[in-house]
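Residue-level structural notes
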Amino acid sequence: MKMTLCQAACFAGAMLLNIAGSLCQLDVCGQAPLNARIVGGQEAAWGSWPWQASLHEITSGRHFCGGSLINKDWVLSAAHCFKKVNASNVKIYLGRHLQTGSNFSEISRTVIQLIPHPSYSTTTQNNDIALLQLSSSVTFTDYIKPVCLAAASSVFRRGTKSWITGWGKLNSTDTQIPNMLQEVEIPIVDNDVCNMAYGGLITSNMMCAGLNEGGKDSCQGDSGGAMVNKNNSQWIQSGIVSFGHEVCGIPKFPGVYTRVSQYEFWISSHTSNDPPGFVSFTSTEPSSGSPSLLLFSLSLTSYTIPLIFSLFVFS
C-alpha cells in the first residue's frame, strides 16, 4: 500500500519526536553520581543504584519484586512478578535503600497501567518483561534517576562484567529478605553453555550470568530487577532478573535474565511520549575463555518449571 504525502510527513514527524525524546533521555539516563565504589556480594552504598525500584503489595506491605526506573513515568520489571499480583495492588518505592527504617531519599507511586509482554509464557518464561506506568511523574535527584537500556544492536560477550542489585534472599533457605539493598558482580555466560544446564530452555530473548563454582547469584525476591553494565560513565541495563535453579548460587547453574536489547521496539512503542535512553553496548572482553558463573544470593522471583529439576521464579 502506498503511503500518501501526508502520512509520510506525519510518520517522519513522529520519528523525529521519538529521536528527540531519546536524545533528551540520554542526557540523564544511567548516571549514578553516588556510585563511587562497588564490591560484589555485599551491601550497596546509599544511592549507588538510583534506578532501583522496590515493588510492594499494598494489602500486605511486602516487597515481592524489583524493577528499574527507565524514565520519569515508567518502571521496567518482569512479567512473572504479576501472576498473582494485580496492578491496583502495587506500590512502587524509588530512592529506597532500607526495607525497614528511615529512607530520606524515598518516594512512592502507585501503578495506573501494567503492560506485560503479550507473548509472555508462564511455562518457559520466554518474554518475561513488563512495563508499569507510574501514577505521577517523578523528579530526578541523585538518588532517583533512570537507567539507560541496551539497544537492539548491543553485544554482550561471555565474561562481560555485570552487576545485579536487589533485596532478594541471601540464601534459598532464608525466611526473610535483607533490610539493606544488596549488590553483586557476575560475568555473562554464553547462551549455549547456559542452555546445557537448563535442558534447552534458553532462547535468544534470554541471557545468563554467573560463576561455574557458584556462590553468587540472584535469588527469591530479586525478580524484575536490573542487570546492568557500565559503558564509560553510563550504566546500561542489559537484563531483567527472570529465573534460576531453586537453590540460588548452585554451581554450574547461572541465573537467567530477560535480554532487554530484544525489546527496544516493544518498549518504545509504549513509552513514545518520553522514550527511554537506548544505548548500543558492545563488550570489550574477549569472547574466548571459560564462562564464569557468579551466583551470590541476591534475590530473584522464581517459578517452578517442569524440567528434570526445579527452577525458581521469585515473586
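Okay, so let's go over this structure. (Residues numbered from 1 in each chain as written. Predicted model: local features only at pLDDT ≥ 70, side-chain atom pairs only at ≥ 80, totals over all residues. Heavy atoms only, no water.)

**Points about the environment of A150**
Note the cut-off: Working definition: helices are DSSP H or I runs of at least four residues, strands are E runs of at least two. Numbering for both runs from the N terminus. The contact criterion used is simple: two residues touch if any of their non-hydrogen atoms lie within 4.5 Å.
Here A150 shows up in strand β8 (residues 148-150). For the pair formed by A150 and R259, sequence separation is 109 residues and the distance between their alpha carbons is 8.7 Å. Setting aside its immediate chain neighbours within four residues, A150 contacts F156, I236, Q237, S238, V260, S261, F278 and V279.

**Re the packing of aromatic side chains**
Basically, it comes down to this: For this analysis, a ring pair means two rings from Phe, Tyr or Trp (six-membered ring only for Trp) whose centres lie within 6.5 Å, classed as stacked if their planes differ by under 30 degrees, edge-to-face if by over 60, and tilted for the remaining angles.
Here the structure, examined in full by the defined rule, presents nine aromatic pairs. Ring plane angle 85° and centroid distance 5.2 Å describe the contact between F104 and Y143, whose orientation is recorded as edge-to-face. Taken together, the residues F104 in the loop between β5 (90-94) and β6 (107-116) and Y143 in the loop between β7 (130-134) and β8 connect sequence positions 39 residues apart. Relative to F243, the ring of Y198 has its centre 5.7 Å away and its plane inclined at 85°; by these criteria the two rings are edge-to-face.

**A short note on the sheet that holds β5**
As a reminder, the rule being used: Two strands form a pair only when DSSP identifies at least two bridges running between them. Axes, fitted as lines to C-alpha atoms, cover a helix only where it is in contact. Angles between the N-to-C directions of the axes lie from 0 to 180 degrees.
One closed barrel accounts for six strands, arranged β2-β3-β4-β7-β6-β5; its pairing is antiparallel. Averaged over all neighbouring strand pairs, the angle between strand axes comes to 40°, with direction disregarded. As paired strands, strand β2 (residues 52-57) and strand β3 (residues 63-69) are joined by five bridges and run antiparallel to one another. Each bridged residue has a counterpart across the sheet, and for H56 the counterpart in β3 is H63.

**With respect to the state of the cysteines**
Rules: To count as a disulfide, a pair of cysteine sulfur atoms needs to be within 2.5 Å. Burial classes: relative accessible area under 20% of the type maximum marks a residue as buried, over 50% as exposed, and values in between as partly exposed (1.4 Å probe, protein chains only).
Applying the stated criterion across every chain, the model contains three disulfides. Here C29 engages in a disulfide with C148; their sulfurs sit 2.0 Å apart. When the S-S torsion is 90°, as for the bridge of C29 with C148, the disulfide is right-handed. One end of the pair, C29, is in the loop between α1 (5-26) and β1 (42-43); the other, C148, is in strand β8, and 119 residues separate them in sequence. Residue C29 is classed as buried on the basis of its relative accessible area, which comes to 0%.

**Looking at the pairing of strand β14 (residues 255-259)**
Counting buried residues in β14 gives five out of five residues, a clear majority hidden from the surface. Here four bridges tie strand β11 (residues 206-209) to β14, and the two strands are oriented antiparallel to one another. What sits directly across from A209, in β14, is G255. The sheet contact formed by strand β13 (residues 234-245) and β14 spans four bridges and is antiparallel.

**A short note on the nonpolar core**
Worth spelling out the cut-off: Remark: nonpolar core denotes a set of buried residues (Ala, Val, Leu, Ile, Met, Phe, Trp, Tyr, Cys) joined through side-chain atoms within 4.5 Å.
With 47 residues, the main nonpolar core has L55, L76, V90, I92 and I267 as its most contacted residues. Discounting chain neighbours no more than four positions away, the residues touching L55 are R62, H63, F64, C65, G66, G67, S77, F82, V90, K91, I92 and L132.

**Considering the pairing of strand β4 (residues 74-77)**
Burial along β4 is two-sided: W74 and L76 and V75 and S77, pointing in opposite directions, are all buried. Pairing of β3 with β4, which is carried by two bridges, proceeds in the antiparallel orientation. Paired with L69 across the bridge in β4 is V75. As defined by bridge partners, β4 adjoins β7 across four bridges and the pair is classed as antiparallel. Each bridged residue has a counterpart across the sheet, and for W74 the counterpart in β7 is Q133.

**Details of the side chain of Q237**
Here is the rule: In the analysis that follows, any N or O atom pair within 3.5 Å is treated as a polar contact, provided that within protein one partner can donate a hydrogen and the other can accept it, and provided that, for residues neighboring in sequence, both atoms belong to side chains.
Tracing the sequence through the fold places Q237 in strand β13. On the accessibility criterion, Q237 (0% relative accessible area) is buried. A distance of 2.7 Å separates a polar atom in the side chain of Q237 from a polar atom in the side chain of S68. Among the polar contacts made by the side chain of Q237, one reaches the main-chain carbonyl oxygen of G239 at a distance of 3.0 Å. In this structure Q237 touches S68, L76, V147, C148, L149, A150, G225, A226, M227, V228 and V260, once residues within four positions along its chain are discounted.

**Some words on unusual backbone geometry**
Of note, the phi angle at N127 is positive, near 60°, even though the residue is not glycine. Turning to its location among the elements, N127 is positioned in the loop between β6 and β7. Take N127: its relative accessible area is 9%, and that puts it in the buried class. One non-glycine residue, K252, lies in the positive phi region at around 65°.

**What about the side chain of Q234?**
With respect to the helices and strands, Q234 occurs in strand β13. You can call Q234 buried: its relative accessible area is 15%. Other than its neighbours up to four places away in sequence, Q234 contacts L26, C29, G30, Q31, C148, N229 and V279.

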